[in-house]
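Chain and residue survey
One letter stands for each residue in the lines below.
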Amino acid sequence: MNSSLPEKVKLLSMLTEIYDQLEELEIVLEASFSDLRIQMNTEEQKKLSAPVQRLTMLEKELDRINPPSHGHNNSVSRALKLEMGF
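The rules behind the values
- Residues numbered from 1 in each chain as written.
- Predicted model: local features only at pLDDT ≥ 70, side-chain atom pairs only at ≥ 80, totals over all residues.
- Heavy atoms only, no water.
- Patch = residues over 30% accessible without salt bridge, like charges linked within 9 Å, V, L, I, M, F, W, Y side chains within 5 Å.
- Areas by Shrake-Rupley, 256 points an atom, 1.4 Å probe, with all protein chains shown as cover.
- Salt bridge = Lys/Arg side-chain N within 4 Å of Asp/Glu carboxyl O.
- Helix = DSSP H or I, 4+ residues; strand = E, 2+ residues; numbered from the N terminus.
- Buried < 20%, exposed > 50% of the residue type's maximum accessible area, 1.4 Å probe, protein only.

1. Remarks on a nonpolar patch on the surface
- A cluster of nonpolar side chains, Leu11, Leu15, Ile18, Leu22, Leu25, Leu29, Phe33, Leu36 and Met40, forms an exposed patch at the surface whose accessible area comes to about 850 Å².
- As for its position among the elements, leucine 36 is in helix H1 (residues 4–65).

This is the structure we're talking about:
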């Protein structure tokens, strides 16, 4: 019975060491995933801003080609023209 006590202590020590290593791994993974999440958010923002910029340029080009009339709301007028085209 006395010989099993040192084995239990040894096993407990090993489990404690494993637990400490898992805590360290958790910290590293959390930092890594946090950086990855920030990077992915930045990339998605860039992907979303490109079409917005393109639409803005197209709207300006449309305004240049077809200047807005002062008596009508240009966006409503343009939307109706586009809708009627389909």
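Read on for the rest.
2. Re the pattern of salt bridges
- Taken as a whole and assessed by the stated rule, the structure comprises two salt bridges.
- Measuring nitrogen to oxygen at the nearest pair gives 3.4 Å for the salt bridge that ties glutamate 44 to lysine 47. A residue pair is termed a helical-turn pair when its members lie 3 or 4 positions apart in one helix, as glutamate 44 and lysine 47 do in helix H1 at three residues.
- Here glutamate 44 falls in the partly exposed class, since its relative accessible area comes to 41%.
- Salt-bridge contacts for arginine 64 lead to glutamate 61; the nearest nitrogen and oxygen are separated by 2.5 Å. Separated by three residues within a single helix, arginine 64 and glutamate 61 lie in helix H1, roughly one turn from each other.
- By relative accessible area, glutamate 61 is classed as partly exposed at 34%.

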